[in-house]
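Structural overview
The lines below spell out each chain.
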Amino acid sequence: MAGSHLPLQYVLAGIVVVLHASAACAGPASSSVSAGGNGEACSGPVLQQSCHWLTVDASKRAYEVVGHWPPLSSGHLPSVQLPTNTTKTPSTLPGMSLSLQRLVLTNVAVADPGADSLPRLWPLSMFTAVGANLTLTDVRFVLSGKDFKAYLSFFQGLPQPPNVFFTDGISFIQIPEWNDSSTVLRSVTLLGPSCSSGAGSESFLQPAASASLGHNSSCNVHTAVNSTVIPTLQAVGSVVTEAPLLVLLLSNATIGIGLEPWAINIQRPVVIAGLFGVPTSIDFGMVVNQINATAKGAKVIWQSLYLENLSPADGLAATMAPPYSGAVSANVYPVYCNRSRQVCLNLYNTTSDLASSEEMDYVTFMYSMFNSPLPNMRTITDFYHTELRVTIIDMGPGPGGAGMTLYNMSCSAWRIHDSVFTDQPILRIARKLPFPDGRPLVTTATKAAPWVQGVDNCESMQAAMLAPSEEDRLHVWMLLGNVTINPASDATCWKARSVQYTTQVYGQAHHDGVQHTGSGMELPAPKPGAPAPYAAINPTFDMFVLDWNHERSALQLRDGAGEKFLQIQNVTLVRLPQGPDAAKAAGMRTGQGGDGPTPPDVWTILMWPVTRSWQGSPLYLSDVQLLVPQPEYDFVRQTAQTSGSFVVQLAGELCGLGWTSVGCVGLAGLQSVLQGLNQTSDWFPAFGP
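Bear in mind that the values here come from a model prediction, so they are computed numbers and not experimental data. (Residues numbered from 1 in each chain as written. Predicted model: local features only at pLDDT ≥ 70, side-chain atom pairs only at ≥ 80, totals over all residues. Heavy atoms only, no water.)

Concerning the overall build of the protein
The following threshold applies: Working definition: helices are DSSP H or I runs of at least four residues, strands are E runs of at least two. Numbering for both runs from the N terminus. Relative accessible area decides the class of each residue, using a 1.4 Å probe on protein chains only: under 20% of the type maximum gives buried, over 50% gives exposed, and in between gives partly exposed. In this description, contact between two residues means that some pair of their heavy atoms is separated by no more than 4.5 Å. Areas reported here follow the Shrake-Rupley algorithm with a probe of radius 1.4 Å; residue values treat only the protein chains shown as occluding.
Of regular secondary structure, the protein possesses 10 helices and 42 strands. The burial tally for the protein puts 55% of its 689 residues in the buried class. The long-range share in the protein, meaning contacts at least 24 apart out of those at least 6 apart in sequence, stands at 69%. Surface summary for the protein: the accessible area is close to 27,700 Å², and the carbon and sulfur share equals 53%.

Structure (structure tokens):
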């Protein structure tokens with residue numbers, strides 16, 4: 001293999017060597033090796049030829065050997081046969097990094113997994129580098145029996161999860177992702193000697209040869225490309241055995257169009273692994289049921305793959321879908337499986353291109369609700385616990401902000417790790433096919449997942465109000481502490497007042513023994529025309545306080561705001577203002593210059609901090625505690641002693657306030673349902689009767 005066959009690239013102050021085909025690498029002392037089977041000799045510094053580890057350049061700290069992509073006519077990854085001599089040339093390079101990608105290393109001895117001096121899986125035929133870092137991506141090792149057993153024991157001794165690997169116990173260990181302080185593994189395969197009849201024998205890693213091998217109980221590994229993956233699954237996946245099968249996919253493949261239901265009959269666990277470093281697609285062609293995995297012990301594990309053209313269930317698949325939705329293509333319905341009894345979906349480092357944007361909105365909303373800090377929202381997904389038996393949904397944004405990344409999700413039929421659901425993938429390999437006629441579609445208009453922002457003072461609540469969002473996305477202002485509008489320390493904080501999006505002000509109840517809303521909260525004198533001041537807040541409250549500071553129109557709901565446009569829940573509201581011209585209104589009732597009783601038309605309970613239409617119910621209060629002036633409280637309490645339901649007449653367009661189910665709470669509280677504000681409220685006065 002002459003230098004012209006190995007283009008040399010300098011990157012990151014290191015060396016990248018691209019291997020086009022097989023290479024035989026001699027020991028550290030060699031200056032000339034025979035490589036590639038073409039009889040040519042590599043002369044000169046071997047570092048700049050095929051075997052860069054033979055000579056170490058102290059000026060270079062990053063070394064990378066990558067296999068050529070796409071594969072050449074042989075159709076398999078470049079193979080490097082290391083020397084049997086493990087005599088090592090020591091290196092004193094601190095912080096050196098070595099990366100190997102898309103290679104097959106045969107006849108290789110590796111560092112003991114229990115040793116700390118070298119990174120795990122460091123090939124011992126290379127120089128040593130104490131303190132070095134090793135990154136392996138899409139690398140296959142053909143190990144000795146001793147090394148294979150040592151690493152099998154090592155990985156079996158790690159907690160699962162988060163350390164996930166697949167093995168048949170005799171011929172392969174497949175590691176989707178793993179790392180420690182010095183080693184990073186991405187889709188790395190450790191192969192035992194039972195898969196190789198001798199040094200350099202690797203037919204099981206060559207797609208054309210692998211397809212003709214058939215079942216071999218001592219080597220459960222096959223390599224496939226598009227033309228061989230279906231025949232391989234049909235021939236070897238159908239063998240009735242508990243031993244898992246590993247299929248290493250080296251090209252994009254189609255497993256769908258033209259296949260009848262149950263065309264592929266799976267009778268054992270099957271791991272289909274693509275390449276981590278190169279996007280590898282399986283195009284299902286909007287076909288379902290082609291892979292029958294209903295047999296006992298049968299399952300399909302997808303690893304390092306793009307799953308494209310996924311379709312919702314048809315009538316046949318729907319019979320096996322419950323309790324899961326047939327409209328959700330994320331279930332991967334190409335696999336015909338009993339989802340009420342089997343773990344049918346196993347995803348590891350995959351990207352699923354979902355059937356529609358409506359489905360993406362739906363799963364995003366539901367998974368967000370499952371993890372919501374808001375108890376009333378979590379109730380939406382109660383069936384996730386009772387029916388689907390979901391134990392964890394650890395999620396984050398998808399690549400580029402589209403879709404979602406599921407770091408860990410587990411339920412009765414799903415095991416998902418480090419995988420993406422999206423309808424807008426960064427890369428789409430297969431042509432997007434139209435939605436099949438007659439398939440169920442998620443058509444319900446599902447709001448996007450709520451936008452939640454913590455609020456603990458006036459400034460942070462202003463920021464929450466001003467944050468941009470989407471029209472149909474609920475804004476949640478999560479109270480993390482007591483909040484005062486325009487406090488004395490920042491009297492001009494509250495500038496913006498227009499509420500443009502459906503918003504929920506929510507306070508998480510706390511029972512930590514700290515009197516967050518106790519008498520230590522100082523309440524200054526009211527503004528002119530405001531109700532009498534309160535001496536203290538009831539120390540029994542366990543809700544955070546929203547202190548309106550007697551501000552009218554602190555929140556102004558936009559025109560046309562619909563029902564429950566502003567929701568206030570689980571919060572204590574204090575220093576509510578009275579309506580406009582409260583003193584004048586009181587005087588008009590008695591003709592004594594404003595010293596008469598306050599009319600209900602300007603009561604604080606009408607929530608004058610919120611400017612909104614009096615038609616409909618744009619304001620919704622639930623489980624709210626209000627501190628109201630003593631006269632308001634006394635009137636309602638005295639009236640309730642006669643009847644638990646009554647109406648207080650109001651002037652003008654307000655019509656009336658209707659109370660139902662009014663009940664006394666201790667000596668200084670009322671609990672009622674108030675119609676007109678559409679609220680359930682606990683009332684507590686500042687002064688007990």
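Thoughts on the side chain of Thr350
Short version of the rule: Any N or O atom pair separated by 3.5 Å or less is treated as a polar contact, with the protein-specific requirement of one donor-capable and one acceptor-capable atom, and with residues adjacent in sequence counted only for side-chain atom pairs.
For Thr350, the location among the structural elements is in the loop between β23 (345-348) and β24 (351-353). A polar atom in the side chain of Thr350 sits 3.1 Å from the side chain of Ser419. Thr350 has contacts with Trp302, Gln303, Ser304, Leu305, Asp418, Ser419 and Val420, leaving out every residue within four places of it along the chain.

Overview of the sheet that holds strand β19 (residues 291-292)
The cut-off we apply is this: Only strands that DSSP links by at least two bridges are regarded as paired with each other.
On the basis of which strands lie adjacent, the open sheet formed by three strands has the order β16-β19-β22 and parallel pairing. Every other strand in the sheet has two partners, leaving β16 (264-265) and β22 (335-336) as the edge strands with one partner each. Both β16 and β19 contribute to a ladder of two bridges, which runs parallel. Looking at β19, one finds that Ile264 is bridged to Ile291.

Side note on the pairing of strand β26 (residues 404-410)
Across a regular strand the side chains alternate sides, sitting on one face of the sheet and then on the other. Counting buried positions along β26 gives six out of seven residues, so the element sits mostly inside the fold. Both strand β25 (residues 392-397) and β26 contribute to a ladder of six bridges, which runs antiparallel. Looking at the pairing, Pro397 lines up with Met404 of β26. Here β25 hands over to β26 after six residues, with Gly400 in that stretch at a positive phi of 70°. Note: β26 against strand β27 (residues 414-422), six bridges, orientation antiparallel. In the strand pairing of β27, Leu406 is matched with Ser419. Hairpin remark: β26 followed by β27, antiparallel, with three residues in the connecting loop.

Digging into the sheet that holds strand β31 (residues 498-499)
Spatially, the three strands line up as an open sheet ordered β31-β34-β37, and their pairing is parallel. Each end of this open sheet is capped by a strand with a single partner; those strands are β31 and β37 (610-611). Two elements, β31 and strand β34 (residues 555-557), share two bridges in a ladder whose sense is parallel. Looking across to β34, one finds that Val499 is bridged to Leu557.

Examining the packing of aromatic side chains
Under the convention used in this document: Stacked, tilted and edge-to-face are the three classes assigned to paired rings of Phe, Tyr and Trp, where Trp is represented by its six-membered ring and a pair needs centres within 6.5 Å; plane angles under 30 degrees give stacked, over 60 edge-to-face, the rest tilted. Whether a charge lies above a ring is judged from NZ of Lys or CZ of Arg, which has to be within 6 Å of the ring centre and within 35 degrees of the ring normal.
Overall, the coordinates contain 14 aromatic pairs when judged by the stated rule. Ring geometry for Phe155 and Phe165: centres 5.9 Å apart, planes at 45°, overall tilted. Linking Phe155 in helix α1 (residues 145-156) with Phe165 in the loop between α1 and β10 (166-167), this pair joins segments that are 10 residues apart in sequence. Ring geometry for Tyr367 versus Tyr384: centroids 6.2 Å apart, planes at 70°, classification edge-to-face. Of this pair, Tyr367 sits in helix α5 (residues 357-370) while Tyr384 sits in helix α7 (residues 382-386), and the two are 17 residues apart along the sequence. One aromatic cluster is present, built from ring pairs that chain together Tyr151, Phe154, Phe155, Phe165 and Trp178. Over the ring of Tyr620 we find Lys564; its NZ or CZ atom is 4.4 Å from the centre of that ring.

Details of the state of the cysteines
The condition is simple: Only a pair of cysteine sulfur atoms within 2.5 Å counts as a disulfide in this structure description.
By the definition in use, this model includes three disulfides. The side chain of Cys195 participates in a disulfide bridge whose partner is Cys219; the two sulfur atoms lie 2.0 Å from each other. Looking down the S-S bond of the Cys195 and Cys219 bridge, the torsion is 105°, so its handedness is right-handed. Of this pair, Cys195 sits in the loop between β12 (183-191) and α2 (207-211) while Cys219 is found in the loop between α2 and β13 (221-224), placing the two residues 24 residues apart along the sequence. Linked covalently through their sulfurs, Cys458 and Cys493 form a disulfide whose S-S length is 2.1 Å. For the disulfide bridge between Cys458 and Cys493, the dihedral angle about the S-S bond is near -105°, and by the sign convention the bridge is left-handed. With Cys458 in helix α8 (residues 458-466) and Cys493 in the loop between β30 (483-484) and β31, this pair connects stretches of sequence that are 35 residues apart. The exposure class assigned to Cys458 is buried, which follows from its relative accessible area of 4%. Residue Cys493 is classed as buried on the basis of its relative accessible area of 9%.

Topic: the environment of Gly560
Examined against the element boundaries, Gly560 turns out to sit in the loop between β34 and β35 (566-569). Along the sequence, Gly560 and Pro618 sit 58 residues apart, while their C-alpha atoms lie 9.0 Å from each other.

Here we look at the pattern of salt bridges
Filter applied, for reference: Here a salt bridge means any side-chain nitrogen of Lys or Arg lying within 4 Å of a carboxyl oxygen belonging to Asp or Glu.
The tally for this structure, following the rule as stated, stands at six salt bridges. In this structure, Asp353 engages Lys432 in a salt bridge whose closest nitrogen and oxygen atoms are separated by 3.7 Å. Taken together, the residues Asp353 in strand β24 and Lys432 in the loop between β27 and β28 (451-455) connect sequence positions 79 residues apart. We note a salt bridge from Asp547 to Arg575, for which the minimum N-O separation is 2.5 Å. Separated by 28 residues along the polypeptide, Asp547 in strand β33 (residues 545-547) and Arg575 in the loop between β36 (572-574) and α9 (582-590) bring together distant segments of the chain. Pair check on accessibility: Asp547 and Arg575 agree, each one buried.

Points about unusual backbone geometry
Here Pro322 and Pro323 are connected by a cis peptide whose omega angle stands at 10°. Positioned with a positive phi, Val332 is a non-glycine residue whose angle comes to about 55°. With respect to the element layout, Val332 can be found in the loop between α4 (315-318) and β22. We note that Asn486 has phi near 50°; this positive angle belongs to a residue other than glycine. Locating Asn486 in the fold gives a position in the loop between β30 and β31. Owing to a relative accessible area of 9%, Asn486 belongs among the buried residues under this scheme.

Digging into the pairing of strand β8 (residues 97-106)
Counting buried positions over the 10 residues of β8 gives nine, a clear majority of the element. Where strand β6 (residues 62-67) and β8 come together, five bridges link them in parallel fashion. The residue of β8 that forms the bridge with Glu64 is Ser99. Taken together, the three bridges between strand β7 (residues 79-81) and β8 define a ladder with parallel strand orientation. The residue bridging Ser79 from the neighbouring strand is Val104, located in β8.

What about α8?
When we look at burial in α8, the residues that qualify are Cys458, Ser460, Met461, Gln462, Ala464 and Met465. Between a side-chain oxygen at the N-terminus of α8 and the backbone nitrogen of Glu459 the separation is 3.2 Å; the capping residue is Asn457.

Quick notes on the nonpolar core
Worth spelling out the cut-off: Within this scheme, the nonpolar core is defined by two criteria: the residues are buried Ala, Val, Leu, Ile, Met, Phe, Trp, Tyr or Cys, and they are joined through side-chain atoms within 4.5 Å.
Among the nonpolar cores identified, the biggest contains 66 residues, and Ile255, Ile282, Trp302, Leu307, Tyr367, Trp414 and Phe421 are the most heavily contacted of them. Of all the elements, α5 adds the most residues to this core, at seven residues. Apart from the residues within four sequence positions on either side, Tyr367 is in contact with Tyr384, Ile393, Met395, Met404, Leu406, Met409, Trp414 and Phe421. Counting 41 residues, the second-largest nonpolar core is a separate cluster that includes Trp451, Leu557, Val624 and Tyr633.

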